[in-house]
Amino acid sequence: MKFLFFRKKRVKRNGIVLLIHESDRLGASLLLLHTAEEMARRNKHVYIISLQFGELNSDYSKIAPTQVIFSKFRFKQILKRLKEKYGYSKLLMITAAVGGYAHIASNLDYQIVSEIHELPPVITELGLQNSTRDMLLYSRKVLFSTNDEKNGVLRLVNIKDSDRFIVKSQGTYYQKPSPNIVESAKGKLQSRYPQILRKKVIIGVGNTSYRKGFDIFINVAKEMPQYIFLWAGKKEKFFNLVKENGLSSNFVYLGQLNDNQLSGVYSVASLLLLSSRKDTLPSTIFESLLFNIPVIGSRNSGGVSSVIQEGKNGLLTNEVSENDFISAINRGLLNGNYTRMKKYLIENPLNNSFCDYISFILQLYV
(Lines give C-alpha, C1' and ligand atoms only; values in the text may rest on other atoms or scores of the structure.)
Protein backbone atom coordinates (compact mmCIF):
# COMPACT_ATOMS: atom_id res chain seq x y z
CA MET A 1 0.00 0.00 0.00
CA LYS A 2 2.88 2.37 0.71
CA PHE A 3 3.59 2.70 -3.02
CA LEU A 4 0.18 4.25 -3.66
CA PHE A 5 0.97 7.46 -1.78
CA PHE A 6 3.09 10.50 -2.55
CA ARG A 7 6.48 10.11 -0.86
CA LYS A 8 6.83 13.69 0.36
CA LYS A 9 9.24 12.90 3.22
CA ARG A 10 11.81 11.59 0.77
CA VAL A 11 11.36 14.05 -2.10
CA LYS A 12 14.30 16.34 -2.76
CA ARG A 13 14.29 19.42 -4.92
CA ASN A 14 15.02 19.84 -8.63
CA GLY A 15 14.99 16.19 -9.57
CA ILE A 16 14.12 14.03 -12.56
CA VAL A 17 10.95 11.94 -12.81
CA LEU A 18 11.50 8.42 -14.16
CA LEU A 19 8.40 6.77 -15.64
CA ILE A 20 8.04 3.03 -16.38
CA HIS A 21 5.00 0.94 -17.34
CA GLU A 22 5.79 -2.06 -15.11
CA SER A 23 8.11 -3.19 -12.34
CA ASP A 24 8.80 -6.84 -13.13
CA ARG A 25 12.35 -8.14 -13.27
CA LEU A 26 12.58 -7.73 -17.04
CA GLY A 27 14.57 -5.62 -19.49
CA ALA A 28 12.92 -2.18 -19.37
CA SER A 29 12.27 -2.27 -15.62
CA LEU A 30 15.86 -3.34 -14.94
CA LEU A 31 17.03 -0.53 -17.20
CA LEU A 32 15.12 1.96 -15.03
CA LEU A 33 16.61 0.42 -11.88
CA HIS A 34 20.17 0.86 -13.12
CA THR A 35 19.38 4.32 -14.51
CA ALA A 36 18.14 5.40 -11.09
CA GLU A 37 21.21 3.88 -9.42
CA GLU A 38 23.59 5.72 -11.74
CA MET A 39 21.76 9.02 -11.33
CA ALA A 40 21.75 8.63 -7.55
CA ARG A 41 25.48 7.90 -7.65
CA ARG A 42 25.90 11.29 -9.29
CA ASN A 43 23.76 12.93 -6.60
CA LYS A 44 20.91 13.53 -9.03
CA HIS A 45 17.51 13.57 -7.33
CA VAL A 46 14.97 11.13 -8.73
CA TYR A 47 11.26 10.36 -8.29
CA ILE A 48 10.13 7.02 -9.75
CA ILE A 49 6.62 6.40 -11.06
CA SER A 50 5.42 2.97 -12.19
CA LEU A 51 2.08 2.17 -13.80
CA GLN A 52 1.94 -1.25 -12.11
CA PHE A 53 2.89 -3.08 -8.96
CA GLY A 54 5.87 -5.41 -9.34
CA GLU A 55 8.78 -7.06 -7.59
CA LEU A 56 11.19 -4.24 -8.47
CA ASN A 57 9.23 -1.52 -6.68
CA SER A 58 10.97 -2.42 -3.42
CA ASP A 59 14.35 -2.17 -5.16
CA TYR A 60 13.36 1.16 -6.70
CA SER A 61 12.31 2.54 -3.34
CA LYS A 62 15.75 1.83 -1.86
CA ILE A 63 17.19 4.29 -4.36
CA ALA A 64 14.48 6.96 -4.62
CA PRO A 65 10.87 7.70 -3.65
CA THR A 66 8.64 5.38 -5.68
CA GLN A 67 4.93 5.59 -6.42
CA VAL A 68 2.49 3.38 -8.34
CA ILE A 69 -0.33 5.11 -10.20
CA PHE A 70 -3.31 3.82 -12.17
CA SER A 71 -4.60 6.87 -14.05
CA LYS A 72 -3.48 9.80 -16.14
CA PHE A 73 -5.34 12.11 -13.77
CA ARG A 74 -3.17 10.91 -10.89
CA PHE A 75 -0.05 11.25 -13.04
CA LYS A 76 -0.93 14.87 -13.77
CA GLN A 77 -1.48 15.56 -10.05
CA ILE A 78 1.92 14.15 -9.12
CA LEU A 79 3.83 15.99 -11.84
CA LYS A 80 2.12 19.25 -10.95
CA ARG A 81 2.94 18.81 -7.27
CA LEU A 82 6.56 17.93 -7.99
CA LYS A 83 6.90 20.97 -10.24
CA GLU A 84 5.19 23.54 -8.03
CA LYS A 85 6.55 22.45 -4.63
CA TYR A 86 9.86 20.81 -5.46
CA GLY A 87 11.04 22.43 -8.69
CA TYR A 88 10.91 19.33 -10.90
CA SER A 89 10.92 20.00 -14.65
CA LYS A 90 12.50 16.92 -16.27
CA LEU A 91 10.99 13.56 -17.21
CA LEU A 92 12.63 10.41 -18.54
CA MET A 93 10.14 8.00 -20.12
CA ILE A 94 11.27 4.43 -20.65
CA THR A 95 9.58 2.39 -23.42
CA ALA A 96 6.77 3.31 -25.80
CA ALA A 97 4.26 1.78 -23.39
CA VAL A 98 4.20 5.05 -21.39
CA GLY A 99 4.07 7.34 -24.43
CA GLY A 100 0.39 8.12 -23.87
CA TYR A 101 1.41 10.15 -20.82
CA ALA A 102 3.79 12.42 -22.74
CA HIS A 103 1.21 15.09 -23.63
CA ILE A 104 0.33 15.55 -19.94
CA ALA A 105 3.94 16.25 -19.03
CA SER A 106 4.37 18.49 -22.07
CA ASN A 107 1.36 20.60 -21.06
CA LEU A 108 3.02 21.08 -17.66
CA ASP A 109 6.21 22.31 -19.40
CA TYR A 110 8.33 19.29 -18.47
CA GLN A 111 11.40 18.62 -20.60
CA ILE A 112 10.83 15.07 -21.84
CA VAL A 113 13.51 12.63 -22.95
CA SER A 114 12.21 9.22 -24.01
CA GLU A 115 13.62 5.81 -24.83
CA ILE A 116 11.94 3.51 -27.33
CA HIS A 117 13.22 -0.07 -27.22
CA GLU A 118 10.35 -1.81 -28.98
CA LEU A 119 10.53 -2.98 -32.59
CA PRO A 120 7.60 -2.17 -34.90
CA PRO A 121 6.09 -5.71 -34.74
CA VAL A 122 6.05 -5.52 -30.94
CA ILE A 123 4.46 -2.06 -30.99
CA THR A 124 1.77 -3.38 -33.33
CA GLU A 125 1.24 -6.58 -31.35
CA LEU A 126 0.76 -4.61 -28.11
CA GLY A 127 -1.40 -1.91 -29.74
CA LEU A 128 1.05 0.87 -28.85
CA GLN A 129 0.89 2.85 -32.10
CA ASN A 130 -0.91 5.86 -30.60
CA SER A 131 1.22 5.78 -27.47
CA THR A 132 4.39 5.68 -29.58
CA ARG A 133 3.18 8.53 -31.75
CA ASP A 134 2.46 10.69 -28.69
CA MET A 135 5.90 9.97 -27.30
CA LEU A 136 7.51 11.03 -30.57
CA LEU A 137 5.40 14.19 -30.87
CA TYR A 138 5.80 15.54 -27.33
CA SER A 139 9.34 14.50 -26.35
CA ARG A 140 12.26 16.88 -26.54
CA LYS A 141 14.48 13.98 -27.60
CA VAL A 142 13.77 10.30 -28.29
CA LEU A 143 16.48 7.64 -28.13
CA PHE A 144 16.50 4.48 -30.24
CA SER A 145 18.95 1.59 -29.99
CA THR A 146 19.57 1.18 -33.74
CA ASN A 147 18.92 2.98 -37.03
CA ASP A 148 16.77 0.14 -38.30
CA GLU A 149 14.59 0.35 -35.21
CA LYS A 150 14.23 4.12 -35.52
CA ASN A 151 13.36 4.04 -39.21
CA GLY A 152 10.88 1.21 -38.74
CA VAL A 153 9.09 2.89 -35.86
CA LEU A 154 8.84 6.22 -37.68
CA ARG A 155 7.38 4.50 -40.73
CA LEU A 156 4.91 2.60 -38.58
CA VAL A 157 3.42 5.75 -37.03
CA ASN A 158 3.94 7.95 -40.10
CA ILE A 159 6.23 10.56 -38.57
CA LYS A 160 9.12 12.16 -40.46
CA ASP A 161 12.65 11.88 -39.15
CA SER A 162 14.22 14.86 -37.39
CA ASP A 163 17.19 15.74 -35.23
CA ARG A 164 15.02 15.06 -32.17
CA PHE A 165 15.27 11.34 -32.87
CA ILE A 166 18.66 9.96 -31.85
CA VAL A 167 20.30 6.55 -32.20
CA LYS A 168 22.27 5.62 -29.11
CA SER A 169 23.00 2.17 -27.69
CA GLN A 170 21.87 2.03 -24.05
CA GLY A 171 25.18 0.75 -22.72
CA THR A 172 25.95 -2.27 -20.55
CA TYR A 173 24.90 -1.89 -16.93
CA TYR A 174 26.16 -5.37 -16.11
CA GLN A 175 29.38 -5.07 -14.13
CA LYS A 176 31.78 -7.97 -14.56
CA PRO A 177 32.62 -9.29 -11.07
CA SER A 178 36.16 -9.68 -9.80
CA PRO A 179 38.19 -12.67 -11.09
CA ASN A 180 37.81 -14.45 -7.74
CA ILE A 181 34.01 -14.18 -7.85
CA VAL A 182 33.92 -15.32 -11.48
CA GLU A 183 36.09 -18.35 -10.72
CA SER A 184 33.97 -19.21 -7.69
CA ALA A 185 30.75 -19.02 -9.72
CA LYS A 186 32.33 -21.07 -12.49
CA GLY A 187 33.48 -23.72 -10.01
CA LYS A 188 30.03 -24.01 -8.44
CA LEU A 189 28.42 -24.40 -11.86
CA GLN A 190 30.92 -27.08 -12.92
CA SER A 191 30.48 -28.92 -9.65
CA ARG A 192 26.70 -28.99 -10.00
CA TYR A 193 26.76 -29.87 -13.71
CA PRO A 194 29.98 -31.85 -14.30
CA GLN A 195 28.97 -32.58 -17.91
CA ILE A 196 30.04 -29.06 -18.87
CA LEU A 197 33.64 -30.08 -18.15
CA ARG A 198 33.54 -32.62 -20.96
CA LYS A 199 31.69 -30.76 -23.72
CA LYS A 200 31.53 -27.33 -25.28
CA VAL A 201 28.77 -25.12 -23.89
CA ILE A 202 26.22 -23.03 -25.80
CA ILE A 203 24.26 -20.55 -23.67
CA GLY A 204 21.03 -18.58 -23.95
CA VAL A 205 20.12 -15.72 -21.60
CA GLY A 206 16.69 -14.13 -21.22
CA ASN A 207 13.13 -14.95 -20.23
CA THR A 208 11.79 -18.22 -21.62
CA SER A 209 9.37 -16.60 -24.04
CA TYR A 210 8.27 -17.12 -27.62
CA ARG A 211 9.80 -13.79 -28.62
CA LYS A 212 13.17 -14.85 -27.19
CA GLY A 213 12.97 -18.03 -29.26
CA PHE A 214 13.20 -20.35 -26.29
CA ASP A 215 11.60 -23.15 -28.32
CA ILE A 216 14.12 -22.65 -31.12
CA PHE A 217 16.97 -22.89 -28.61
CA ILE A 218 15.55 -26.17 -27.28
CA ASN A 219 15.13 -27.63 -30.75
CA VAL A 220 18.70 -26.72 -31.66
CA ALA A 221 19.87 -28.48 -28.50
CA LYS A 222 17.97 -31.62 -29.51
CA GLU A 223 19.79 -31.69 -32.84
CA MET A 224 23.25 -31.14 -31.33
CA PRO A 225 23.75 -33.70 -28.51
CA GLN A 226 27.53 -33.27 -28.79
CA TYR A 227 27.22 -29.93 -26.93
CA ILE A 228 25.69 -28.77 -23.64
CA PHE A 229 23.03 -26.05 -23.84
CA LEU A 230 22.43 -23.83 -20.79
CA TRP A 231 19.63 -21.27 -20.42
CA ALA A 232 19.54 -18.61 -17.70
CA GLY A 233 16.57 -16.32 -17.21
CA LYS A 234 13.10 -15.85 -15.83
CA LYS A 235 10.69 -18.73 -16.44
CA GLU A 236 7.65 -17.64 -18.43
CA LYS A 237 4.50 -19.70 -19.13
CA PHE A 238 5.89 -20.54 -22.57
CA PHE A 239 8.46 -22.77 -20.85
CA ASN A 240 5.77 -25.32 -19.95
CA LEU A 241 4.39 -25.34 -23.49
CA VAL A 242 7.85 -26.12 -24.85
CA LYS A 243 8.45 -28.71 -22.15
CA GLU A 244 5.37 -30.66 -23.29
CA ASN A 245 7.32 -31.57 -26.44
CA GLY A 246 10.23 -32.79 -24.35
CA LEU A 247 13.55 -31.32 -23.23
CA SER A 248 16.74 -33.04 -24.30
CA SER A 249 19.25 -34.48 -21.82
CA ASN A 250 21.95 -32.04 -23.00
CA PHE A 251 19.81 -29.03 -21.96
CA VAL A 252 19.93 -27.45 -18.49
CA TYR A 253 17.61 -24.69 -17.31
CA LEU A 254 19.45 -22.66 -14.66
CA GLY A 255 16.65 -20.31 -13.62
CA GLN A 256 16.95 -16.60 -12.94
CA LEU A 257 20.46 -15.74 -11.75
CA ASN A 258 22.11 -12.77 -10.09
CA ASP A 259 25.10 -11.04 -11.66
CA ASN A 260 27.68 -13.14 -9.82
CA GLN A 261 26.00 -16.42 -10.77
CA LEU A 262 25.61 -15.23 -14.35
CA SER A 263 29.34 -14.58 -14.57
CA GLY A 264 29.90 -18.30 -14.05
CA VAL A 265 27.61 -19.06 -16.99
CA TYR A 266 29.48 -16.68 -19.29
CA SER A 267 32.84 -18.03 -18.14
CA VAL A 268 32.01 -21.63 -19.15
CA ALA A 269 30.38 -20.68 -22.47
CA SER A 270 31.88 -21.23 -25.90
CA LEU A 271 29.12 -19.32 -27.72
CA LEU A 272 26.02 -17.26 -26.95
CA LEU A 273 23.08 -18.26 -29.15
CA LEU A 274 20.71 -15.32 -29.48
CA SER A 275 17.65 -17.25 -30.64
CA SER A 276 15.26 -14.27 -30.44
CA ARG A 277 12.61 -13.93 -33.11
CA LYS A 278 12.51 -10.17 -32.48
CA ASP A 279 14.82 -8.22 -30.19
CA THR A 280 15.91 -4.61 -30.52
CA LEU A 281 19.37 -4.85 -28.99
CA PRO A 282 19.43 -7.17 -25.96
CA SER A 283 22.00 -6.41 -23.26
CA THR A 284 23.06 -10.05 -23.18
CA ILE A 285 25.00 -9.39 -26.43
CA PHE A 286 27.19 -6.85 -24.66
CA GLU A 287 27.49 -9.01 -21.55
CA SER A 288 28.71 -11.90 -23.67
CA LEU A 289 31.27 -9.74 -25.46
CA LEU A 290 32.46 -8.52 -22.07
CA PHE A 291 33.51 -12.12 -21.40
CA ASN A 292 34.97 -12.50 -24.92
CA ILE A 293 32.22 -14.92 -25.94
CA PRO A 294 31.28 -14.85 -29.67
CA VAL A 295 27.59 -14.27 -30.40
CA ILE A 296 25.39 -16.04 -32.94
CA GLY A 297 22.20 -14.28 -33.99
CA SER A 298 20.06 -13.49 -37.02
CA ARG A 299 20.18 -10.43 -39.22
CA ASN A 300 16.40 -10.52 -39.26
CA SER A 301 15.81 -10.57 -35.51
CA GLY A 302 16.50 -6.90 -34.77
CA GLY A 303 19.60 -4.93 -33.83
CA VAL A 304 22.13 -7.76 -33.43
CA SER A 305 23.69 -6.96 -36.82
CA SER A 306 24.51 -3.43 -35.63
CA VAL A 307 26.97 -4.90 -33.10
CA ILE A 308 28.01 -8.32 -34.38
CA GLN A 309 30.48 -8.35 -37.25
CA GLU A 310 30.43 -11.53 -39.30
CA GLY A 311 33.41 -13.73 -38.50
CA LYS A 312 34.94 -11.23 -36.06
CA ASN A 313 32.97 -11.13 -32.82
CA GLY A 314 30.31 -13.61 -33.89
CA LEU A 315 28.28 -15.02 -36.76
CA LEU A 316 25.05 -13.82 -38.38
CA THR A 317 22.41 -16.02 -39.97
CA ASN A 318 20.00 -14.94 -42.68
CA GLU A 319 16.96 -16.34 -40.90
CA VAL A 320 15.79 -17.07 -37.38
CA SER A 321 15.71 -20.81 -37.88
CA GLU A 322 16.99 -23.97 -36.25
CA ASN A 323 18.87 -25.08 -39.36
CA ASP A 324 20.61 -21.71 -39.76
CA PHE A 325 21.62 -21.66 -36.10
CA ILE A 326 22.90 -25.24 -36.22
CA SER A 327 25.03 -24.40 -39.24
CA ALA A 328 26.36 -21.24 -37.55
CA ILE A 329 27.26 -23.11 -34.35
CA ASN A 330 29.17 -25.73 -36.34
CA ARG A 331 31.01 -22.99 -38.25
CA GLY A 332 31.65 -21.00 -35.10
CA LEU A 333 33.24 -23.88 -33.24
CA LEU A 334 35.62 -24.86 -36.02
CA ASN A 335 39.12 -24.39 -34.61
CA GLY A 336 40.22 -21.76 -37.11
CA ASN A 337 37.04 -19.69 -36.93
CA TYR A 338 36.78 -19.90 -33.15
CA THR A 339 40.43 -19.00 -32.54
CA ARG A 340 40.12 -16.04 -34.89
CA MET A 341 36.98 -14.70 -33.18
CA LYS A 342 38.41 -15.10 -29.67
CA LYS A 343 41.57 -13.28 -30.73
CA TYR A 344 39.52 -10.43 -32.22
CA LEU A 345 37.43 -10.10 -29.05
CA ILE A 346 40.49 -9.95 -26.82
CA GLU A 347 42.24 -7.40 -29.02
CA ASN A 348 39.13 -5.26 -29.64
CA PRO A 349 37.23 -4.84 -26.37
CA LEU A 350 33.85 -3.16 -26.88
CA ASN A 351 33.42 0.12 -25.03
CA ASN A 352 29.71 0.29 -24.26
CA SER A 353 29.67 2.14 -20.98
CA PHE A 354 26.35 2.59 -19.20
CA CYS A 355 27.90 5.49 -17.32
CA ASP A 356 28.54 7.24 -20.65
CA TYR A 357 24.98 6.48 -21.73
CA ILE A 358 23.53 8.21 -18.66
CA SER A 359 25.86 11.16 -19.21
CA PHE A 360 24.51 11.40 -22.75
CA ILE A 361 20.90 11.42 -21.49
CA LEU A 362 21.57 14.09 -18.88
CA GLN A 363 23.19 16.46 -21.37
CA LEU A 364 20.04 16.28 -23.51
CA TYR A 365 18.24 18.32 -20.83
CA VAL A 366 20.74 21.18 -20.96
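As a reminder, the structure under discussion sits directly above these lines.
About the thresholds
- Residues numbered from 1 in each chain as written.
- Predicted model: local features only at pLDDT ≥ 70, side-chain atom pairs only at ≥ 80, totals over all residues.
- Heavy atoms only, no water.
- Helix = DSSP H or I, 4+ residues; strand = E, 2+ residues; numbered from the N terminus.
- Buried < 20%, exposed > 50% of the residue type's maximum accessible area, 1.4 Å probe, protein only.
- Salt bridge = Lys/Arg side-chain N within 4 Å of Asp/Glu carboxyl O.
- Expected span 1.5 Å × (residues − 1).
- Arc of directions from axis to C-beta.
- Contact = heavy atoms within 4.5 Å.
- Pairing = 2+ DSSP bridges.
- Axes fitted to C-alpha atoms, helices over the stretch in contact; angles between N-to-C directions.
- Parallel < 35°, antiparallel > 145°, perpendicular 65-115°, else oblique.
- Nonpolar A, V, L, I, M, F, W, Y, C, P; charged D, E, K, R; others polar.
- Right-handed = clockwise from strand over helix to strand, strands pointing away.

Q: I'm lost on the environment of Ile 166 in this one. Help?
A: In this fold, Ile 166 is placed in strand E7 (residues 165-167). The exposure class of Ile 166 is buried, given its relative accessible area of 16%. Taking the C-alpha atoms as reference points, Ile 166 and Lys 150, separated by 16 residues in sequence, lie 8.2 Å from one another.

Q: Please explain the pattern of salt bridges as it appears in this structure.
A: It is possible for side chains bearing opposite charge to pair when their charged atoms get close. Within this structure, the stated rule accounts for 11 salt bridges. Between Asp 59 and Arg 25 there is a salt bridge, with the nearest N and O atoms lying 2.9 Å from each other. One end of the pair, Asp 59, is in helix H2 (residues 57-63); the other, Arg 25, is in the loop between strand E1 (16-20) and helix H1 (27-41), and 34 residues separate them in sequence. Judged by relative accessible area, which is 21%, Asp 59 ranks as partly exposed. With a relative accessible area of 29%, Arg 25 lands in the partly exposed category.

Q: Whenever I open this one, helix H3 (residues 72-86) confuses me. Can you help?
A: Helix length check: H3, at 15 residues, gives a terminal C-alpha distance of 20 Å against a target of 21 Å (1.5 Å per residue), a fit within 8%. Along H3, the residues that are buried comprise Phe 75, Ile 78, Leu 79, Leu 82 and Tyr 86. For H3, the angular spread of buried residues about the axis comes to 95 degrees, placing them on one side. Turned more than 90 degrees away from the buried face of H3 sit Phe 73, Glu 84 and Lys 85, all of them exposed. Of the surrounding elements, those touching the buried residues of H3 are E1, strand E2 (46-50), strand E3 (66-68), strand E4 (90-94) and helix H4 (102-107). Phi turns positive, to about 75 degrees, at Gly 87, one or two residues after H3.

Q: How should I be thinking about the sheet that holds E7 in this particular structure?
A: Sheet strands pair via backbone hydrogen bonds, and the direction of the pair is either parallel or antiparallel. Strand order in the open sheet formed by seven strands is E3-E2-E1-E4-E5-E6-E7, and the pairing between neighbours is parallel. The open sheet terminates on both sides in strands that have one partner only, identified here as E3 and E7. Neighbour-to-neighbour, the strand axes of the sheet open up by a mean angle of 20 degrees, direction not taken into account. Note that strand E6 (residues 141-144) and E7 share three bridges and pair parallel. In the strand pairing of E7, Leu 143 is matched with Ile 166.

Q: Before we go on, may I ask you to explain the packing of helix H6 (residues 129-138) against helix H7 (residues 147-157) in this structure?
A: Taken N-terminus to C-terminus, the directions of H6 and H7 make an angle of 110 degrees; their axes are 10 Å apart at the nearest point. Taken together, the axes of H6 and H7 lie roughly perpendicular to each other. Taking contact as the criterion, the partners of Gln 129, Thr 132, Arg 133 and Leu 136 in H6 are, on H7, Val 153, Leu 154, Leu 156 and Val 157. Residues belonging to the contact of H6 with H7 are distributed by class as follows: five nonpolar, two polar and one charged.

Q: Teacher, can you tell me more about unusual backbone geometry here?
A: Most peptide bonds take the trans form, and the phi angle of most residues other than glycine is negative. Non-glycine residue Asn 43 carries a positive phi angle of around 65 degrees. When you line up the elements, Asn 43 lands in the loop between H1 and E2. Even without being glycine, Thr 95 reaches a positive phi, approximately 85 degrees. Residue position: Thr 95 is located in the loop between E4 and H4. Owing to a relative accessible area of 2%, Thr 95 belongs among the buried residues under this scheme.

Q: Would you mind going over the side chain of Ser 270 with me for this structure?
A: By secondary structure assignment, the location of Ser 270 is in the loop between helix H11 (259-268) and strand E11 (271-273). Ser 270 has contacts with Lys 200, Val 201, Ile 293, Pro 294, Leu 333 and Tyr 338, leaving out every residue within four places of it along the chain.

Q: I tried to follow the sheet that holds E11 on my own but got confused; where do I start?
A: Ordered by their spatial adjacency, six strands build an open sheet running E10-E9-E8-E11-E12-E13, and the pairing between neighbours is parallel. Each edge of the sheet is formed by a strand with only one pairing partner; in this case those strands are strand E10 (251-255) and strand E13 (314-317). For this sheet, the mean angle separating the axes of adjacent strands, direction not counted, is 25 degrees. Helix H9 (residues 214-223) rests against strand E8 (201-205), strand E9 (228-232), E10 and E11 of the sheet, and its axis sits at about 160 degrees to E9.

Q: Just checking my understanding: could you explain the pairing of E9 for this structure?
A: Within a regular strand, the side chains alternate between the two sheet faces. The buried fraction of E9 is high, at five of five residues. Summarising the sheet, E8 and E9 pair through five bridges and their orientation is parallel. Within the sheet, the bridge partner assigned to Ile 202 lies in E9 and is Phe 229. For the segment spanning E8, H9 and E9, crossover handedness is right-handed. In the sheet, E9 pairs with E10 via four bridges, with the strands oriented parallel. Its bridge partner lying in E10, Phe 229 is registered against Phe 251. The parallel pair E9 and E10 is bridged by helix H10 (residues 238-243), and the resulting crossover is right-handed.

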